[in-house]
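# Close look at the chain arrangement
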Amino acid sequence: MIGFVTEDPQLFKTLKFKPEEGIIFTTKEKALSILEELDIIGFDVETLGFDPYTTELLTIQLGNYKHQFVVDVTSVNIQFFKELLETKELIGHNLKFDLRFLYHERIIPTKIYDTFLGEKTTRLGIDSHRCSLDACVYRHLGIVMDKSERKNINGKFTVPFITYSALDVTYLHELREIQLDILRSQGSLKSIELDNRFVKVLAYIEYCGIKLDAIKWTEKMRITKIALDEAESALNAYVMENKMDKFINRQVDMFSSEIRTNLNWNSSQQVIEFFKAVGVDTKVVEKGEEKDTIEASHLTKFVAKFPIIKTYLKYKQSQKDLGTYGENWLKLINPVSGRVHTQYKQLMNTGRLSSGGRNKDTGEAYPNFQNIPSDKETRSCFVAEEGNVIIGCDYTGQEQIVLANKCLDSNLLEFYDKGLGDMHSFVASKMYEELEGLTLDEVKEKHKEKRQSAKVAGFAINYGGSGIGIADQLGLEVEQGQKIYDAYFHAFPGLKAYFDQAKKFGVDNGYVLISPVTGKKSYVDYYDEFLEAKKAVSVKGFWDNYKKHKEHKTATYSKLKNQISTYFRKKGDIERMSLNYPVQGESAEITKLSCIYFWEEYLLPNNLLFTVKFINTIHDENLVECPESLSGEVANALEGAMVKAGAVFCKRVPLKADPCIDKFWKK
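What counts and how
Residues numbered from 1 in each chain as written. Predicted model: local features only at pLDDT ≥ 70, side-chain atom pairs only at ≥ 80, totals over all residues. Heavy atoms only, no water. Helix = DSSP H or I, 4+ residues; strand = E, 2+ residues; numbered from the N terminus. Buried < 20%, exposed > 50% of the residue type's maximum accessible area, 1.4 Å probe, protein only. Contact = heavy atoms within 4.5 Å. Areas by Shrake-Rupley, 256 points an atom, 1.4 Å probe, with all protein chains shown as cover. Lys, Arg positive; Asp, Glu negative; His and termini not counted. Charge placed at Lys NZ, Arg CZ, Asp CG, Glu CD. Phe/Tyr/Trp six-rings, centres within 6.5 Å; stacked < 30°, edge-to-face > 60°. Axes fitted to C-alpha atoms, helices over the stretch in contact; angles between N-to-C directions. Parallel < 35°, antiparallel > 145°, perpendicular 65-115°, else oblique. Left-handed = near helix turned anticlockwise from the far one by under 90°. Nonpolar A, V, L, I, M, F, W, Y, C, P; charged D, E, K, R; others polar. Pairing = 2+ DSSP bridges. Salt bridge = Lys/Arg side-chain N within 4 Å of Asp/Glu carboxyl O. Disulfide = S-S within 2.5 Å.

### Re the overall build of the protein chain
Across its full length, the protein chain carries 27 helices and 23 strands. C-alpha atoms of the protein chain, sized along the principal axes, occupy 85 × 75 × 60 Å. Looking at the 667 residues of the protein chain, the share that counts as buried comes to 51%. Sequence separation of at least 24 residues holds for 65% of the intrachain contacts in the protein chain that already meet a minimum separation of 6. When the accessible surface of the protein chain is split by element, carbon and sulfur atoms take 50% of a total near 32,200 Å². Side-chain charges in the protein chain split into 89 positive and 94 negative, and the spacing between the mean points of these groups amounts to 4 Å.

### Remarks on the packing of aromatic side chains
Using the criterion set out here, one finds 44 aromatic pairs in the structure. When the ring of Phe12 is compared with that of Phe25, the centres are 4.6 Å apart and the planes differ by 35°; the resulting orientation is tilted. Linking Phe12 in helix α1 (residues 9–14) with Phe25 in strand β2 (residues 23–26), this pair joins segments that are 13 residues apart in sequence. In this structure an aromatic cluster arises from ring pairing among Phe4, Phe12, Phe17, Phe25, Phe157 and Phe161.

### A closer look at the packing of helix α6 (residues 133–141) against helix α8 (residues 172–186)
Orientation of α6 relative to α8, taken along the N-to-C sense of each, is 70°, at an axis distance of 10 Å. Taken together, the axes of α6 and α8 are roughly perpendicular relative to one another. Taken as a pair, α6 and α8 cross one another with a handedness that is left-handed. Of the residues in α8, those touching α6 at Leu133, Cys136, Val137, His140 and Leu141 are Leu172, Glu174, Leu175, Ile178 and Ile182. The residue makeup of the contact of α6 with α8, split by class, is eight nonpolar, one polar and one charged.

### Examining the sheet that holds strand β18 (residues 388–395)
Read from one edge to the other, the open sheet built from four strands follows the order β21-β22-β18-β23, with strand pairing classed as antiparallel. Only two strands of the sheet have a single partner each, and these edge strands are β21 (613–618) and β23 (657–662). Ignoring which end each strand starts from, the neighbouring axes of this sheet average 20° apart. Of the pairings in the sheet, the one linking β18 to β23 comprises six bridges and is antiparallel in character. Within the sheet, the bridge partner assigned to Ile391 lies in β23 and is Ile661.

### Here we look at the packing of helix α10 (residues 214–241) against helix α13 (residues 308–324)
Running from amino to carboxyl end, α10 crosses α13 at an angle of 145°, the nearest separation of the two axes being 8 Å. Of the two elements, α10 crosses α13, and the hand of that crossing is left-handed. Facing Met221, Thr224, Lys225, Ala227, Leu228, Ala231, Glu232, Ala234, Leu235 and Tyr238 of α10, the residues of α13 in contact are Ile308, Thr311, Tyr312, Lys314, Tyr315, Ser318, Gln319, Asp321 and Leu322. For the contact of α10 with α13, the per-class residue count stands at 11 nonpolar, four polar and four charged.

### Quick notes on the sheet that holds strand β7 (residues 111–114)
Ordered in space as β2-β1-β5-β4-β3-β6-β7, the seven strands form an open sheet in which the pairing is mixed. Only two strands of the sheet have a single partner each, and these edge strands are β2 and β7. Strand-to-strand, the axes of this sheet are offset by a mean angle of 30°, without reference to chain direction. As judged from the five bridges shared by strand β4 (residues 57–63) and strand β5 (residues 68–72), these two strands associate in the antiparallel manner. The residue of β5 that forms the bridge with Leu62 is Phe69. Strand contacts of helix α4 (residues 95–104): β3 (40–47), β4, β6 (89–92) and β7, with the helix running at about 75° to β3, the strand carrying the most contacts. Where α8 meets the sheet, it contacts β3, β4, β6 and β7, and its direction lies at approximately 115° from that of β3.

### Some thoughts on the pattern of salt bridges
Scanning all chains against the criterion turns up 35 salt bridges. Note that Lys644 and Glu601 form a salt bridge whose closest N and O atoms lie 2.8 Å from each other. With Lys644 in helix α27 (residues 631–649) and Glu601 in helix α26 (residues 555–603), this residue pair connects regions lying 43 residues apart in the sequence. Residue classification places Lys644 among the partly exposed residues on the basis of a relative accessible area of 38%. Across the pair Asp662 and Lys666 runs a salt bridge whose closest N-O atoms are separated by 3.3 Å.

### Description of the state of the cysteines
Across all of its chains, the model carries zero disulfides by this definition. Unpaired in terms of disulfides, Cys208 finds its nearest cysteine sulfur in Cys595, a separation of 12 Å. We classify Cys208 as buried; its relative accessible area is 5%.

### Quick notes on unusual backbone geometry
For Lys243, which is not glycine, the phi torsion reads 50° and is therefore positive. Considering the arrangement of structural elements, one finds Lys243 in the loop between α10 and β9 (248–249). Looking at Lys243, the relative accessible area reads 62%, which means it is exposed.

See below:
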């Protein structure tokens, strides 16, 4: 039975419920008395939009399979249900959205179970696994939910609207139990517990937003435009000075006698032709196919020989800055909060957060808070309110320390135990025998090339890279890249043993164990295809047959070659996931837990919500804003929460956090 709760006298006249519709009018007192008997309550909201600052909240839905109450909060004060919402465990689907509207009413739930996060966790990594409420209900309960009424929501209370709203809390309890059974069997209960606790903080971060100084931002745009124009002028001057006739338009018109270049610097094809004419090798091989590229990662290799590349890259960067971090950000300032807000996706396939994207219903673009350039000109535009300061606190070498705790390589442990300083110099000293006995300062000062090789090797290998990748980044022959690759693993045998084990686990099991602490797993989306490819190349006599057809260049040879290529490509992809995901994913778990500790052990018990604003979280950094008078206390609390979270996961080498206090985002 659906109970519709309203105090609008007009609705009692206009809404006539038929017995077969299963809806009755009821009072808020009656609804509360029934709901108070429940230990866990299904919860949902209906609104006229997505922004709690500018959008009207229409209803809250509360209940379970037996009782659903649709409360008209345009006439019923939502505060009547405040204690219930703050003390009971609430189940909802994609609760991050609903929580922001509750926070706007200063209602702070303390116990949450999100069936969207639950479903996502059961098959993390499987992109085809739909996690909408109707998909979950159909998958687990075999019930088709009619969601077509969503497009008709316009603020008017009708029977279809009330029925539709009630449906969103009807099956949540059953979904929760089914998901918990699955997660229990997968050993991932701690993973969903972590994300259910974290979603409360993430909703608060979205609600708080960050203040953008519009005057500073406009000045930054002006300076960027000057840099863009200067870079374009320099590029054109290069063409003219070097008499590159192919790119010069010598025809004049009645309005101008100036000879100009005819090169469009935004046309990748024209720029490729330009760099070819200059002498830059634009060819790369990707997945067995040769193509031209002007990607920065490729062009950078040739900067020393062709300095004009640096000018072009500056042009492209200025253009990107002006587009991505230009006028559109000023339009994003909320007219009520006066701040810029975004949305986050809580569970990427690695377990990490992502920020930005688009609202699938409205097409509205959200800014990416995790990819804001770290230069002072940009960061200084993100400021604290008058009387407040911003505290940025980041982990020191988070991913490297997570990896060291996983592999427990004796040489890496020596580095951290002794606090030796520069990691890249240390790695170089272990890779190259001729550096043995030198201090790390001597390595850094006198052997910069070897240090750079060690740095590139470390970043590449730690994320599943190869000797070919190292050679490509350093502009070396493949044999030299492979030699550096081999030297790296010779220097860190414990790391190699861990990598070998991790790769084998992923290939054998079809999933990556992101964290043994929480049991979070990421499943290989194409594992069935990999097994088919493996089966094909494992048939008895396959390789002898392949060699025979290869020798005679038969038509079958091409087919067999494709089978082999598919097998090794998919195997390589799984192995790279197996190395990359645990480091990125467990780092994300640590940062999430640090946010939870700060929320549960400092903000809530000290009644500091809405006084201390949590304004961003960026992989290894948390950003908060608070009154200047509280800055020391808040910085200590944030640092303590981050160190405590690190200790849960990093038992051998501790994670440290470094806070910074200023009027703007300084980190």
